[in-house]
Structures are given as structure tokens and as C-alpha cells.
Amino acid sequence: MKPATVWVALGSNLGDRRANLEGACEALRCADGVEVLRVSPWSETRAEGGPSGQPDYLNGCLEARTTLAPHTFLWLLQRLESQFGRDRSREVRNGPRPLDLDLLFYDELELDDPELVLPHPRLEERLFVLEPLCALAPELVLPRSGRRVCERVEELRAARRGTAGLVRCADPEAARRWCEARRAEGARIGFIPTMGALHEGHLSLVRAALAGNDLACASVFVNPLQFDDPRDLARYPRHLDRDAELLESAGCSMLFTGTLAEFFPEHEDGNVPRRDPGPAAEGLEGAFRPGHFAGVATICARLFEVVRPARAYFGEKDFQQCLVVQHLARVLGFPEIVVCPTSREEDGLARSSRNQLLAPAERAQAAALSRALFAARAAWREGERDPARLEALLAAELARARVAVEYAEVRDPERFGQRPRKPLARARALIAARVGRVRLIDNLDLAGTEPGALR
Ligand code: AMP
């Protein structure tokens, strides 16, 4: 018999979910007449329908070839479900289960009998099936809607977000109420704290939040507690209406703002006690901007309390800030911190709200920061491991562009607080420099592979 291509959805929300899914894949790999071709990554989803309060699912999808007939293949899947502890005779409808295997497609076969309906009848309405399928076959055309899988995923995500567009909450109290209501409906919120003047880097965080949560929510607050220089605070760009438009077009559901007094009504005089930002705040940014990370930790803790997000999204561009926020989240016990890659301009310059303050000649100079980092990465790739020589490379590139360097250092990310002396096994290069009146920072994992400048 000529092999048929089959697609199978896998789910588990009972017991060791990952072990159940991986066990099922392994059993299929060993089965006669079945060749597993590809398996999607596992993704976490909320249980839909069925009794409330059941555990989250881990879902995935696989593509296989089989010489088994459709009903024989279905029987094999059902046998695997019971081997992993599923007991259909005792099961509540849509109740929790250690293993759920659904046959989505068997070639292009259409079938409608009491035991088996093909393609799977509810496939096109289920985001938890289509998202893993999209990881393997985004261009596959769905027979009922005629949509490609990637298009259908977008449609369902948009429907889940609602059509209300962006809700703007003018103060933290309104934001707290809005978030509370969404959480009561069972929505998981992905949160993006910002200081506004948004750019593609911020929007990449919104997209990451939408991919991992039910909805995204952002704040724009130029936090005075984290500015050590009042002129820097006064100059910081502010474009709230444009920010709202960008957030709306990226699919963000809510934007909130507030004043310092609204965020900390219990300290109306502005004397807000600062949080201890933890050990990662020492050195580098901490040394050049005293009090900065205490201000960051203080506002982030308050923002997290307002939103109570499942996850909060931060950019790797502010590497030390990510370490401080990770420490804060460990102390608070929430949220999960997701660190997203640095978004760069064509010439490699890390996107930053402050870039718009650069005059044209300064903008050209600013490209030296990323040039220096990528020069250090090139040396790392050629085998250079000596921190002093890597730092000399950074310094040489920055000196050529005549930017005023505050620091240009290489650190072992596992021992971030210490200046390394010995050859490194891992390295992150970090730079802060002033170009005219504008202070810029950037950093790079020297062993990483993410792209920088196009040239
Ligand atoms: P800010 O508005 O500068 O406070 O930034 C808000 C968030 O966006 C922080 O988590 C930043 O790390 C992140 N972010 C800023 N610039 C970039 C970028 N170029 N790429 C990725 N994330 C960024």
C-alpha cells in the first residue's frame, strides 16, 4: 500500500504532560507501518470547555507517513491513549486526560462515519490545534474555510482579542480594574512596560506577548524614579497618541499611563521608598547611574501589582535591567520574565527611543556601538577568549568614532558582578557611551548567532 500522510494533534493535561506526549511520539516511531516525520514544539494552552479549574494543557502536533488503513491508524491512537492511562468509559466530557490524540488529516480523505470523521470536524475552530500545526505547515490549506493554517491562526487570535481595539486607561486604578476583569474571564495577560516613544523594538515585545498569552497590555510611563539626571528626564521623547496607534495596530488590548502620585498614592509627596534592586544592579549601569535600578525595581513592582500579568516582556538591549527584573520577579513570586532579542536598525544600531534625539552626524557616530560589539563577536568566533583583548577591540572601534565611552566591558554572564581576568567560556560585551548629549547603551552575547548589521 502506498503510504498516506497523516497529521495528529497531541494534548495532555494530567500527570507528567511532557513525558506523556514524548512517550506517545516514541511509541508511534516504534509502531509498524508508521514513520514519524516531524513533531512541533509543545505549547501551553488553557483547557477549553469541560469542568472549570482543570490543569493547563500541553499541546503539539506531528506529521507522519503510514501504510495503515484509516481505522487501523485510529485504533492505534486509541490504544496509545489507554496505554498512557486514558479511560474513556469513566471520563467527563472535555475533562482532564493524560493523553489525547486526534487524527486531523489522512491524506485528503473525506470520511464521515460514526467512528471517524475526516478531516477532523472541529479542527478549524481550535487554536490549540492550529497553532502547533502552524509551526509545521503554515501554508497548508484548510478544506472547510479554504484558509491557509497561518491565516486561520491569525483570524482566531484576532477574534480572541476581540474587536474592541485598544482600551486606554488614564490611570493605574482604571488599569487595575480592567486587568482584574480580564483575569476573571480566564485571560492570561502578557505585559510590556515601556517609557513610550515606541519603536519596532517595543512592538516586537508586543508580538511576543501575543504569541504566548491571551492578550497583551502595555504601560507608558516616563518614570522619574529611574532618572538620575533631570535634564535627561525633561528631554525624554513623549508621543502618547502615536504610541497608542502603534500598540493598537500591533494587536495590543490595553494601554495605561499615570502620574507618580497615581502610581504611589500612599506617598503623594513623591518620597517613594525605593526597592533594593538586588546584586545584579551593581557595577556598569549601576555605577554610572546611581539609584537607577532601585527606581526601575520600584516602578516594576508597582506595575506588576497593577496588572498581575502571567508574563512580562523585556528587551535584551537593557541586559542588566533584565537581570534586575528577574531578581525582582523571584522575590515577588511572579510574573514569568520573558527576555526578547534586541531589534536593530539596518546598520546595526540598537533601536532606542533616544535615537530620535540624535542629530544626523551623531546618528552616524552612534553606529560605532554595535560595530564595536560585532567586531568583538568576530574575534570571539576566531577563538579570542581573553577579556582584556576583547575589551581593547571595543575601545578601538569606539575611539575611531570619537564617542564618549562610559564603559565598554566584557563580562561572564554567570558571574556578572565581577570583572573577568581569565579566558572566558561565555561572554557578553556591554557598552554605554554618550553621543553628543544622548546616552546610548547596547550589548551582545559574543557566542550568540542573532544577526546584527546587514553589511
Ligand atoms: P523603554 O521604553 O526604553 O523603557 O523600553 C521598554 C522595553 O522595551 C524594555 O524592556 C526595553 O528593553 C525594550 N526595548 C527597548 N529597545 C529595544 C530594542 N531595540 N529591542 C528590543 N527591546 C527593546
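Everything below is about the structure shown above.
Residues numbered from 1 in each chain as written. Predicted model: local features only at pLDDT ≥ 70, side-chain atom pairs only at ≥ 80, totals over all residues. Heavy atoms only, no water.

K.L.:
Quick question: what am I supposed to make of the site of the ligand here?
P.N.:
Not every one of the 17 residues close to the ligand is listed here, only the nearest: Met195, His202, Asp318, Ser343 and Arg351. One of the side-chain nitrogen or oxygen atoms of histidine 202 is found 2.9 Å away from an oxygen atom of the ligand. Taking aspartate 318, its side chain carries an N or O atom lying 2.6 Å from an oxygen atom of the ligand. Considering the ligand on its own, with 480 Å² of exposed area, one finds that the protein chains cover 93% of that surface. Grouping the amino acids of the shell around the ligand by side-chain chemistry returns six nonpolar, eight polar and three charged. (Near = heavy atom within 4 Å. Polar contact = N/O pair within 3.5 Å; in protein donor to acceptor, adjacent residues only side chain to side chain. Areas by Shrake-Rupley, 256 points an atom, 1.4 Å probe, with all protein chains shown as cover. Nonpolar A, V, L, I, M, F, W, Y, C, P; charged D, E, K, R; others polar.)

K.L.:
Sorry, what's going on with the nonpolar core here?
P.N.:
If you look at the biggest cluster of nonpolar residues, it comprises 47 residues, and the most contacted ones within it are Cys217, Met254, Phe256, Phe304, Val307 and Phe314. For this core, the leading source of residues is helix H11 (residues 292-307), giving 10 residues. Setting aside its immediate chain neighbours within four residues, phenylalanine 314 contacts Pro193, Leu205, Cys300, Phe304, Gln321, Cys322, Val325, Ile337, Val338, Val339 and Cys340. By size, the runner-up hydrophobic cluster in this structure holds 28 residues, among which are Trp380, Val403, Ala429 and Ala433. (Core = buried A, V, L, I, M, F, W, Y, C linked by side-chain atoms within 4.5 Å. Buried < 20%, exposed > 50% of the residue type's maximum accessible area, 1.4 Å probe, protein only. Helix = DSSP H or I, 4+ residues; strand = E, 2+ residues; numbered from the N terminus. Contact = heavy atoms within 4.5 Å.)

K.L.:
I would appreciate a short explanation of the sheet that holds strand S15 (residues 428-435) in the present structure.
P.N.:
Sheets are built from strands that pair by backbone hydrogen bonding, the pairs being arranged parallel or antiparallel. With respect to topology, three strands assemble into an open sheet ordered S14-S15-S16, the strand pairing being antiparallel. Each of the sheet's edge strands pairs with one partner strand only, and the pair in question is strand S14 (404-411) and strand S16 (438-445). The average undirected angle you get between the axes of adjacent strands in this sheet is 10°. Bridge count between S14 and S15: seven bridges; the pairing is antiparallel. The residue of S15 that forms the bridge with alanine 408 is isoleucine 431. Of the strands in this sheet, S15 and S16 touch helix H13 (residues 360-381), which is tilted by about 20° from S16. (Pairing = 2+ DSSP bridges. Axes fitted to C-alpha atoms, helices over the stretch in contact; angles between N-to-C directions.)

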